[in-house]
Amino acid sequence: NGTGTAHTAPGSATDVTGLTGAFTALYGTAPEGVWAAPGRVNLIGEHTDYNDGFVLPLALPHTARAAVARRADGALRLHSADVPGGVVEVAAGELAPGARDLGWAAYPAGVVWALREAGHEAGGIDLHLRSAVPTGAGLSSSAALETVTALAVNDLYGLGLPPGELARLAQRAENDFVGVPCGIMDQTASACCAEGHALHLDTRDLTRRQVPFDLAAEGLRLLVVDTRVSHDLADGAYAERRASCEEAARRLGVPALRDVTPEELAQAPGRLAGPGEETLFRRARHVVTENRRVEEVVALLAAGDTHAVGPLLTAGHASLRDDFEVSCAELDLAVGTACAAGALGARMTGGGFGGSAIVLVTEAAAVTVAEAVSAAFAAAGHRAPRIFPAVPSAGARRLA
Ligand code: GAF
């Protein structure tokens, strides 16, 4: 995965010049603009977004950037600096789900397809892309690719779609063109987050609220621990969890698990847990308690008590590990070690089965905690994790 040329900060003027130059070298004319869209971490609210529930992600400073120009013939030419293999060309008539195996290019191609399917006059594009969002790390590198494409096409073709709608169409691209049954969180985070804030999203009615999240002011840091165990949302386990949640809601007689409180669920184990079926009850218990944790975290942030968020993060991790069963040994080790070394709280973030954990820690303890996690990984014989601070950053934007 490309993190940009060494010494070139992603999104900087030098980076924009580099993207523009590479585009011109590839396609023979200059791009019409350069756009950026970030990856994310989710502070709390995991596996709730396909249950009509609540999420609280924040954008990372790591972005996918795209230099783009319109084409008159409706075709797409797509190139990534991060992937070997040259330009992928898709003729206008070829743009249909499953028509061809497009590899990475299915993400931008799927977005143009989704825009056209929704009746928007999205014409052809030449695109050159470079991303600093680590891939396979649970940090939404795919959503960043989709969102940067959606924003560029929206601007260039004057579609006038608001960010929330671009996120919805980017999700449609991933669901129906790429074939991953994800929820709406990642694309909305990439499109709609604001610097210094976490984004409180109700995934039922898609209302959004920017929640101030000024870690530095409180002497805190949020660390990302990328375990470098690659996760793959398409591998069936995600779809299986989703199906369990839908089945649990059906048995409880509600439209979605969003409509059940932890107290109500505790009264109703019999409806979910016939003999040998306690798994369904535990899946549902994760979702309904996680929705409650989101509300509790939002209330603590509003009260300026970010320190107190830590135990809720750790409780969320236990629920994902024990009830939802989407953690793995490396994530559990990162969380357990960080907490034992003095972190305020920690949890896996994103879909799970690998990927990244987040750790809330005081500035004073940050180095000690990071070193403890690295040492524990070495002692267990795991690959060295990548650890970096999550600075709440801006959502998708035009750079040039
Ligand atoms: C992945 C999905 F893409 C999101 O929609 C969300 O379900 C998340 O896993 C789990 O919270 O990132």
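No experiment lies behind these values; they were computed from the predicted model shown.

(A) Structural view of the site of the ligand. Neighbouring the ligand are 11 residues; E46, C182, G183, M185 and G351 lie closest to it. When the residues that make up the shell around the ligand are grouped by side-chain class, the tally is four nonpolar, four polar and three charged.

(B) Quick peek at helix α6 (residues 237–252). Here α6 is 16 residues long and its end C-alpha atoms lie 23 Å apart, about the 22 Å a rise of 1.5 Å per residue gives. For α6, every residue scored as buried is listed here: Y238, R241, C245, A248 and A249. Down the axis of α6, the sector holding all buried residues measures 100 degrees, keeping them to one side. Residues of α6 that are exposed and point over 90 degrees away from its buried face: E240, A243 and R250. Downstream of α6 by a residue or two, G253 has a phi angle that is positive, lying close to 75 degrees.

(C) Representation of the packing of helix α2 (residues 106–117) against helix α4 (residues 163–178) in the model. Running from N to C, α2 and α4 point in directions that differ by 110 degrees, and their axes come no closer than 8 Å. The angle between α2 and α4 falls in the class roughly perpendicular. For the crossing formed where α2 meets α4, the hand is right-handed. Packed against α2, whose contacting residues are A106, Y107, G110, V111, W113, A114 and L115, the element α4 presents L169, A170, R172, A173, E174, F177 and V178 at the interface. Residue classes in the contact of α2 with α4 are distributed as 11 nonpolar, one polar and two charged.

(D) Examining the UniProt feature "site: Transition state stabilizer" (unreviewed entry) in the chain more closely. Under the UniProt annotation, the feature "site: Transition state stabilizer" (unreviewed entry) is placed at R40. Checked against the element boundaries, R40 lands in strand β1 (residues 33–42). In this view, R40 contacts P57, L58, A59, L60, L139, S140, D186, A189, S190 and C193; residues no more than four positions away in its chain are not counted.

(E) Quick look at the nonpolar core. Ranked by size, the top nonpolar core spans 107 residues in total, and within it V148, A346 and V359 carry the most contacts. When near neighbours in sequence (up to four residues on either side) are disregarded, V359 contacts L223, V225, A338, A343, A346 and V369. Formed by 13 residues, the second largest nonpolar core is a distinct cluster that contains C245, L265, L272 and V288.

(F) View of the environment of V224. Mapped onto the fold, V224 is located in strand β9 (residues 220–226). In sequence terms V224 and A357 are 133 residues apart; their C-alpha atoms lie 5.8 Å from each other. Not counting residues within four places of it along the chain, the set of residues in contact with V224 comprises V41, S356, I358, I387, F388 and A390.

(G) Just the sheet that holds strand β11 (residues 356–362), in detail. Strand order in the open sheet formed by four strands is β10-β11-β9-β12, and the pairing between neighbours is antiparallel. In the strand order of this sheet, the two ends are held by β10 (345–349) and β12 (386–389), each with one partner. Averaged over all pairs of adjacent strands, the angle between their axes in this sheet comes to 25 degrees, without regard to strand direction. Pairing geometry for β9 and β12, over four bridges, is antiparallel. By the bridge assignment, D226 is partnered in β12 with R386. Together, β9, β10 and β11 form the strand contacts of helix α11 (residues 329–340), whose direction differs from that of β10 by roughly 165 degrees. Along the sheet, helix α12 (residues 366–380) contacts β9, β11 and β12; its crossing angle with β9, the most-contacted strand, is approximately 15 degrees.

Basis of the calculations
Each chain carries its own residue numbering, running from 1 in the direction its sequence is written. Reporting in this predicted model follows two pLDDT cut-offs: at least 70 for local features of residues, and 80 or more for side-chain atom pairs to be given and counted; totals over whole chains, interfaces and linings ignore these cut-offs and use all residues. Here is the check we use: build the C-beta atom from the backbone, and if it is within 6 Å of the molecule or strand, call the residue near. Think of it as three bins: nonpolar holds Ala, Val, Leu, Ile, Met, Phe, Trp, Tyr, Cys and Pro, charged holds Asp, Glu, Lys and Arg, and polar takes everything else, Gly as well. Per the convention used, a helix needs a DSSP run of H or I reaching at least four residues, while a strand needs a run of E reaching at least two, with both numbered from the N terminus. One less than the residue count of a helix, multiplied by 1.5 Å, gives the span that helix is expected to have. Think of it as a crowd count around each C-beta: if 20 or more other C-beta atoms lie within 10 Å the residue is buried, if 12 or fewer it is exposed, and in between it is partly exposed, with C-beta placed from the backbone throughout. The directions from the helix axis to the C-beta atoms are what the arc is built from. Think of each axis as a best-fit line through the C-alpha atoms, taken over the contacting stretch in the case of a helix, with angles from 0 to 180 degrees between the N-to-C directions. If an angle is under 35 degrees, it is roughly parallel; if it is over 145, roughly antiparallel; if it lies from 65 to 115, roughly perpendicular; otherwise it is oblique. Crossing handedness follows the turn of the near helix against the far one: under a right angle anticlockwise gives a left-handed crossing, and clockwise gives a right-handed one. Remark: residues whose backbone-derived C-beta atoms lie within 7 Å of one another are considered to be in contact. UniProt positions are given in the numbering used here, feature names are shortened, and annotations may be inferred rather than shown by experiment. To define a nonpolar core, we join buried Ala, Val, Leu, Ile, Met, Phe, Trp, Tyr and Cys residues through C-beta atoms within 7 Å and take the resulting set. The pairing criterion is simple: DSSP has to find at least two bridges between the two strands.

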